[in-house]
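The residues making up each chain are set out below.
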Amino acid sequence: MTPLSTVALVVGLASLVSGHGFLKSITVGGKNYLAWQVGQDNYVNPPPVRYARQLTNNGPVPDFTTKDITCGAGGNIPAQGVIELKAGDKVTFNWDQWGSSHSGPVFTYLAKCANNDCKTFKGDTGNVWVKIEQLSYNPQGRPPWASDLLREQGAKWSVTIPPKLAPGEYLLRHEILGLHVAGTRLGAQFYPSCTQIRVTQGGTTQLPAGIALPGAYKPEDPGILAELWRIQQGQTQYVAPGGPVWSEAAPNANRAGP
Ligand SMILES: [Cu+2]
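Residues numbered from 1 in each chain as written. Predicted model: local features only at pLDDT ≥ 70, side-chain atom pairs only at ≥ 80, totals over all residues. Heavy atoms only, no water.

- Looking at an unreviewed UniProt entry, one finds the chain named lytic cellulose monooxygenase (C4-dehydrogenating), with Cercophora samala as its source organism.
- Entered under Cofactor (unreviewed entry) in the UniProt record, the comment concerning the chain runs "Cu(2+)".
- In its Catalytic activity (unreviewed entry) section, the UniProt record describing the chain reads: "[(1->4)-beta-D-glucosyl]n+m + reduced acceptor + O2 = 4-dehydro-beta-D-glucosyl-[(1->4)-beta-D-glucosyl]n-1 + [(1->4)-beta-D-glucosyl]m + acceptor + H2O." (UniProt positions renumbered as here; feature names shortened; annotations may be inferred.)

Below is the structure:
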């Protein structure tokens, strides 16, 4: 085989096994807002107006104990756009794709942007992340894993902004955790994204203290260092990392379950 055809074969195999993806756009009130377009926007100068923060590629965070976990491996550079919405609005995250080989839970968190300004906020220090939605594993579910449900829903996932949330600017951190190689330490694959939102109308409820990212996702957390097959065979009950969902969050929009 010539070197060139070897390269073509390797590239072909890589695309066959890659089941991961990236957040492509966000829909609110029938309007579609583009996230960072991986593989395109990195080559556009000046960078285009997007509503979610940059990502270097569609792969997982290389090391989830570093600041890459906060908003993905893209430098946590503030986006130029901010989506205006109201507390109680439904937000739909549209991924480019999600593969059946990447099973795991799906989370969404909120952080209040300090000084009410997401342009100067990174969210990589302090207990600022509050979980507002989660679905992980339900043995009776069809399908049992949240990520497989996301895939079956056309790579979409919807969440409701907490109905009593106070107005202001927030980062909305939506994430899939792929557990397919999570039996190896640091093998868990996190795919976070940070969308910038401005709540223009809402209630008076402020976010409570949450978790720190990086920090809260520990390499030995049983929801992170986890054997997919053990969970699926019922040998261990899966508890997702990141703590419980905030009591003031809206009911799970996707499915009843753990
Ligand atoms: Cu992958």
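Let's pick the thread back up.
**Examining the sheet that holds strand E7 (residues 156-160)**
What holds strands together in a sheet is hydrogen bonding between their backbones, with the strands either parallel or antiparallel.
Here comes step 1: Overall, antiparallel pairing links the 4 strands, which are arranged E2-E1-E4-E7 in an open sheet. Both outer strands of the open sheet, strand E2 (31-34) and E7, are each paired with one neighbouring strand and no more. Looking at each pair of strands side by side, their axes are set apart by 25° on average, direction ignored.
Here comes step 2: Bridge count for strand E1 (residues 23-28) against strand E4 (residues 90-95) is 5 bridges, and the pairing is antiparallel. (Pairing = 2+ DSSP bridges. Helix = DSSP H or I, 4+ residues; strand = E, 2+ residues; numbered from the N terminus. Axes fitted to C-alpha atoms, helices over the stretch in contact; angles between N-to-C directions.)

**Considering the side chain of Ser158**
Here comes step 1: Relative to the helices and strands, Ser158 resides in strand E7.
Here comes step 2: Judged by its relative accessible area of 13%, Ser158 is buried.
Here comes step 3: A distance of 2.8 Å separates a polar atom in the side chain of Ser158 from a polar atom in the side chain of Thr92. (Buried < 20%, exposed > 50% of the residue type's maximum accessible area, 1.4 Å probe, protein only. Polar contact = N/O pair within 3.5 Å; in protein donor to acceptor, adjacent residues only side chain to side chain.)

**With respect to the pattern of salt bridges**
Here comes step 1: Applying the stated criterion across every chain yields a total of 7 salt bridges.
Here comes step 2: Of the charged contacts, one joins Asp41 and Arg50 as a salt bridge, the two residues approaching to 2.6 Å between their closest N and O atoms.
Here comes step 3: Judged by relative accessible area, which is 3%, Asp41 ranks as buried.
Here comes step 4: With a relative accessible area of 14%, Arg50 lands in the buried category.
Here comes step 5: Between Arg185 and Glu220 there is a salt bridge, and its shortest N-O distance comes to 2.6 Å. On the criterion of sequence distance, the pair formed by Arg185 in the loop between strand E8 (168-178) and strand E9 (189-201) and Glu220 in the loop between E9 and helix H4 (228-232) is long-range, its members being 35 residues apart.
Here comes step 6: One network of salt bridges, in which partners are shared, links Glu84, Glu169 and Arg198. (Salt bridge = Lys/Arg side-chain N within 4 Å of Asp/Glu carboxyl O.)

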